[in-house]
Amino acid sequence: MTSTESRPDVEQELKSAFREAMAGVCTPVAVVTAMAGPAPYGTTVSAFTSLSMDPPMVLVSLDRSSDLLAVIDGSRRFGLNILGAQQPELAVNFARKGGPAKFGGVEWQVGGQVPRLPGATGFLACEVADLVAGGDHVVVFGRVLSADTAPARPLTYHARAFGTHTALDANAPA
């Protein structure tokens, strides 16, 4: 047993400091989707990234207790809808609990056998290559089956607020 494990106050302090440090990281926002029979499931994530170009792969981190994770494990497919700056309401909607009810009033279609959200700046249809446990989450490795993009500014999350990316002028004086 480490000293951190034996001292709950120290462990809580570390978790709090870690949460604050991660709030300082600007991340893209996406909605991961999957189908359980005819029912669509989805959740908002900021923990995703490209993994490989050959073959094209991504990774997504999902909470172990997520209904969506169980659906993805069963269907072996998922969609990654990368949200645009005009879509913060979708991010909030899919961040709540609710299973298929999250899709109530939300426009969607099936693309690559998974739910696709119109207006997303990027869409990837993936098949599960592997599931790897990591703490209280599971990392889903996805092999990209199809990809599509749309011109729009990305939705980002930083310091517990939504925003978007603004390019810096490399020639501007400091």
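The paragraphs below set out a description of the structure included in this document.

Calculation criteria
- Residues numbered from 1 in each chain as written.
- Predicted model: local features only at pLDDT ≥ 70, side-chain atom pairs only at ≥ 80, totals over all residues.
- Heavy atoms only, no water.
- Pairing = 2+ DSSP bridges.
- Helix = DSSP H or I, 4+ residues; strand = E, 2+ residues; numbered from the N terminus.
- Polar contact = N/O pair within 3.5 Å; in protein donor to acceptor, adjacent residues only side chain to side chain.
- Phe/Tyr/Trp six-rings, centres within 6.5 Å; stacked < 30°, edge-to-face > 60°.
- Buried < 20%, exposed > 50% of the residue type's maximum accessible area, 1.4 Å probe, protein only.
- Arc of directions from axis to C-beta.
- Contact = heavy atoms within 4.5 Å.

1. Some thoughts on the pairing of strand β4 (residues 48-53)
The pairing of β4 with strand β5 (residues 56-63) spans five bridges and is classified as antiparallel. From the neighbouring strand, Ser 50 faces β5, where its bridge partner is Val 58. Between β4 and β5, which pair antiparallel in sequence order, lie two residues.

2. Section: the environment of Asp 136
You can see Asp 136 is positioned in the loop between β9 (122-134) and β10 (137-149). In terms of polar contacts, Asp 136 uses its side chain to reach the side chain of His 137, at 2.7 Å.

3. Focus: the packing of aromatic side chains
Summed over the entire model, instances satisfying the criterion amount to three aromatic pairs. Joined through ring pairs, the aromatic side chains of Phe 94, Phe 103 and Trp 108 make up one cluster.

4. Comments concerning the sheet that holds strand β1 (residues 27-28)
Here we have three strands laid out as an open sheet, ordered β1-β11-β12, and antiparallel in their pairing. Strands with a single pairing partner mark the edges of an open sheet, and in this sheet they are β1 and β12 (161-163). Alignment of β1 against strand β11 (residues 156-158), held across two bridges, turns out to be antiparallel. Its bridge partner lying in β11, Pro 28 is registered against Thr 156.

5. Some details on unusual backbone geometry
Across the junction of Asp 54 and Pro 55, the peptide omega takes the value 0°, indicating a cis bond. Mapped onto the elements, Pro 55 comes out in the loop between β4 and β5. Positive phi, normally seen in glycine, also occurs at Arg 76, with a value near 65°. Relative to the helices and strands, Arg 76 resides in the loop between α3 (67-75) and β6 (77-82). If you check the backbone angles, Gln 113 has positive phi at about 70° while not being a glycine.

6. Description of helix α4 (residues 88-95)
Among the residues of α4, Leu 90, Ala 91, Asn 93 and Phe 94 are the ones counted as buried. For α4, the angular spread of buried residues about the axis comes to 165°, placing them on one side. In α4, the exposed positions angled more than 90 degrees off the buried face are occupied by Val 92 and Ala 95. Contact partners of the buried residues in α4: β2 (30-36), β3 (39-45) and β12.

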